[in-house]
Amino acid sequence: MIIPVNEQNIMDAANIHSISWKESHRHFCTPEFIEMHSPERQREYIRDKMHEGTKFFMLVDEVPAAVVSVTDSLIEDLYVLPEKQNLGYGTKLLQFALDQCSDTPSLWILENNT
């Protein structure tokens, strides 16, 4: 099930964001920079973006597994927990995000993020 992120579940979304961000960025960021991205910091990142109008969504399948954000037609912050990858969750969440877009969608990713 895909649900909106709100104040009641923002910490679950922040944990996914933190764990997945660290894993996906560890090959090109310094260890010190990686460790700065704690769940608490990511909670504030998500909260700030939500206050600016970005919508965050979380995929939950027994447990929270993935997050994505949509601002108008810009899709960002697509993160799936490492142990939940290759199970179709990212595809399902991306399709959901596409359906939330108000115009031609764009997906933002880092050039060197494999």
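As the structure is a prediction and not an experimental result, all values here were calculated from the model. (Residues numbered from 1 in each chain as written. Predicted model: local features only at pLDDT ≥ 70, side-chain atom pairs only at ≥ 80, totals over all residues. Heavy atoms only, no water.)

### A short note on the pairing of strand β2 (residues 55-61)
- Counted residue by residue, β2 has 5 buried out of 7 residues, so it is predominantly covered.
- Alignment of strand β1 (residues 2-4) against β2, held across 3 bridges, turns out to be antiparallel. Each residue of the ladder has a partner; that of Ile3, found in β2, is Met58.
- Pairing geometry for β2 and strand β3 (residues 63-71), over 7 bridges, is antiparallel. By the bridge assignment for β3, Lys55 is matched with Val70. (Buried < 20%, exposed > 50% of the residue type's maximum accessible area, 1.4 Å probe, protein only. Helix = DSSP H or I, 4+ residues; strand = E, 2+ residues; numbered from the N terminus. Pairing = 2+ DSSP bridges.)

### Section: the packing of aromatic side chains
- For the structure shown, the criterion picks out 2 aromatic pairs.
- Each ring, one from Trp21 and one from Phe33, has its centre 5.7 Å from the other, and the planes form 65°; the classification is edge-to-face. Taken as a pair, Trp21 in helix α1 (residues 10-25) and Phe33 in helix α2 (residues 31-35) lie far apart in primary sequence, 12 residues in all.
- Relative accessible area serves as the criterion here: at 9%, Trp21 is assigned to the buried category.
- Residue classification places Phe33 among the partly exposed positions, given a relative accessible area of 33%.
- Between the aromatic rings of Phe57 and Phe96, the centroid separation amounts to 4.9 Å while the plane-to-plane angle is 70°, which identifies the pairing as edge-to-face. Within this pair, whereas Phe57 is found in strand β2, its partner Phe96 is found in helix α4 (residues 89-100), the two being separated by 39 residues in sequence.
- Judged by its relative accessible area of 22%, Phe96 falls in the partly exposed class. (Phe/Tyr/Trp six-rings, centres within 6.5 Å; stacked < 30°, edge-to-face > 60°.)

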